[in-house]
Structure formats: C-alpha cells, structure tokens
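Reading the structure
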Amino acid sequence: MQPDTSDEILMINTPLGKMIAVTDGEAIVSLDFTDDIFVSNHSNHPLLLQLEKELGEYFAGERTSFSLPLNPKGTPFQQAVWKTLQTIPYGETISYAKEAQLFGNPKAIRAVASANGRNPIAILIPCHRVIASGGGIGGYSGGIEKKTFLLALEKDLSVK
C-alpha cells in the first residue's frame, strides 16, 4: 500500500524484523513486514505509538488482542473477509474452507484465500490463523517462517 501524503508512518522493530505502520490519523490502515531501509521512523502520532506498544506486549506474551481502530483499504468483499478473520480467537486456527463457511459462502474458498493474501494489516487482522484443510501451514504474504512463528507464539501463550 502506498501511503497518502497526509498519512503518518512509523517503522517498528519486532522479533520478526521491521514492520511499517501507517495511520490516516483516525485508524491504522496498514501494518506490513519490510526488508527496506526506511528513513522516517519517528512519528509521534498517538495511534502509531500505541500500536508500537501493543505489538511489543503481543510479542512479549502480555497481549492477546488489540485495542486500535482499523481501517483497511480494500473492496467491500475483501473488507468483509477481513472482518471474518477478526473473529478467529487468539491461539486458534481454522481452515480456509471453514473461513469461507464463516464468511457465508462455503464455495468461495479461493476468493477468501485471495482476500487474505491482500490483508493490509498483518497480525491485527489475523490471517496467519488460517491454515490448509489438511492441517498444513498454508500461505502467508509475510512468509511461511513468520506465520509459523506467530502461530507458535500464540499457541504457547494460549495455554499459560
């Protein structure tokens, strides 16, 4: 996602590497992994600072949900799929087929999976909690190793 000129941007260091967070001033519109070197990483926007704090708590095992307003940009279909993703409880996984069923269209497995791949707000909209029907890890736009890490983090912490 290309930030709008009025958007505030913050680079956040996580155990999985650098992430770029973007707010439109009212909500988080993007959170994505990056390998790029990013210059302006000291935004003082309260939403971005709160996001940085909450992500730190999440990775430290102190947070299982996020309190920030989200405004992902996408088609109405994608936005509806992303709302479905937000109903998957912390520490749990579902299959793409189950997600399509929860979404209300069991035959739309591929379209739902495609919308997952376009999720602009990693972790907070938990597409990493969707796995293949056979129990395989499935895909993840941030990379399979990041998805594996996030699933292990949530599984380990959900039993404490």
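So, a few notes on the structure that sits alongside this text. Within any chain, residue numbers begin from 1 and follow the written order of that chain's sequence. For a predicted model such as this one, the threshold for reporting local features is a pLDDT of at least 70, and the threshold for listing and counting side-chain atom pairs is 80 or more; totals across whole chains, interfaces and linings nevertheless cover every residue. Side-chain calculation: all heavy atoms of the structure are included, whereas hydrogens and water are not.

What follows is about the packing of helix α3 (residues 96–103) against helix α4 (residues 109–117). All axes are obtained by fitting lines to C-alpha atoms, using only the stretch in contact for helices, and the reported angles, taken between N-to-C directions, cover 0 to 180 degrees. Numbered from the N terminus, helices here are DSSP runs of H or I no shorter than four residues, and strands are runs of E no shorter than two. In contact at an axis separation of 9 Å, α3 and α4 are set at 95° when each is read in the N-to-C sense. Taken together, the axes of α3 and α4 are roughly perpendicular relative to one another. Contacts between α3 and α4 involve Tyr96, Ala97, Glu99, Ala100 and Phe103 from the first element and Ile109, Val112, Ala113 and Asn116 from the second. Basically, the charged four are Asp, Glu, Lys and Arg, the nonpolar ten are Ala, Val, Leu, Ile, Met, Phe, Trp, Tyr, Cys and Pro, and anything else, Gly included, counts as polar. Its residues assigned to classes, the contact of α3 with α4 comprises seven nonpolar, one polar and one charged. Comment on the angle field: the value is read as roughly parallel under 35 degrees, roughly antiparallel over 145, roughly perpendicular from 65 to 115, and oblique elsewhere. Every residue pair with non-hydrogen atoms within 4.5 Å of one another is taken to be in contact.

This next bit is on the packing of aromatic side chains. Here a pair means two rings of Phe, Tyr or Trp (six-membered ring of Trp) with centres within 6.5 Å. Their orientation is stacked below 30 degrees between planes, edge-to-face above 60, and tilted elsewhere. One pass over the structure, following the stated rule, counts six aromatic pairs. With centroids separated by 6.3 Å and ring planes inclined at 90°, the aromatic side chains of Tyr58 and Tyr90 adopt a geometry described as edge-to-face. Of this pair, Tyr58 sits in helix α1 (residues 46–59) while Tyr90 is found in the loop between α2 (76–85) and β4 (94–95), placing the two residues 32 residues apart along the sequence. Residue Tyr58 shares its accessibility class with Tyr90, and that shared class is buried. Aromatic side chains Phe77 and Phe103 sit 5.1 Å apart centroid to centroid with 75° between the ring planes, which places their arrangement in the edge-to-face category. Placement of the pair is Phe77 in helix α2 and Phe103 in helix α3, with a sequence separation of 26 residues. Assessed through its relative accessible area of 33%, Phe77 is described here as partly exposed. Following the ring pairs from residue to residue traces out a cluster consisting of Tyr58, Phe59, Phe66, Tyr90 and Phe149. Lysine and arginine charges are scored as sitting over a ring when NZ or CZ, respectively, is within 6 Å of the ring centre and within 35 degrees of the ring normal. The residue whose ring lies beneath Lys146 is Phe33, and the NZ or CZ to ring-centre distance is 5.3 Å. Exposed residues in this analysis have more than 50% of their type's maximum accessible area, buried residues have under 20%, and partly exposed residues fall in between, with area computed by a 1.4 Å probe over protein chains only.

Turning our attention to the nonpolar core. What makes a nonpolar core is a set of buried Ala, Val, Leu, Ile, Met, Phe, Trp, Tyr and Cys residues whose side-chain atoms join them at distances within 4.5 Å. In this structure, Leu31, Leu51, Leu55, Phe59, Ile123 and Leu124 are the most contacted members of the largest nonpolar core, which totals 36 residues. Looking at this core, the elements that each hand over two or more residues are β1 (8–14), β2 (17–23), β3 (28–34), α1, α2, α3, α4 and α5 (144–158). The element that contributes the greatest number of residues to this core is α1, accounting for six residues.

A few words now on the pairing of β3. With six of seven residues buried, β3 is to be regarded as a mostly interior element. Where β2 lies against β3, six bridges are found, and the strand directions are antiparallel. Each bridged residue has a counterpart across the sheet, and for Lys18 the counterpart in β3 is Thr34. Following DSSP output, two strands are said to pair if at least two bridges run between them.

All right, on to the environment of Val112 then. With respect to the helices and strands, Val112 occurs in helix α4. Classification of Val112 by relative accessible area gives buried; the value is 0%. Leaving out residues up to four positions away in the same chain, Val112 has contacts with Phe77, Val81, Glu99, Ala100 and Phe103.

All we've got here are geometric facts, nothing functional implied.
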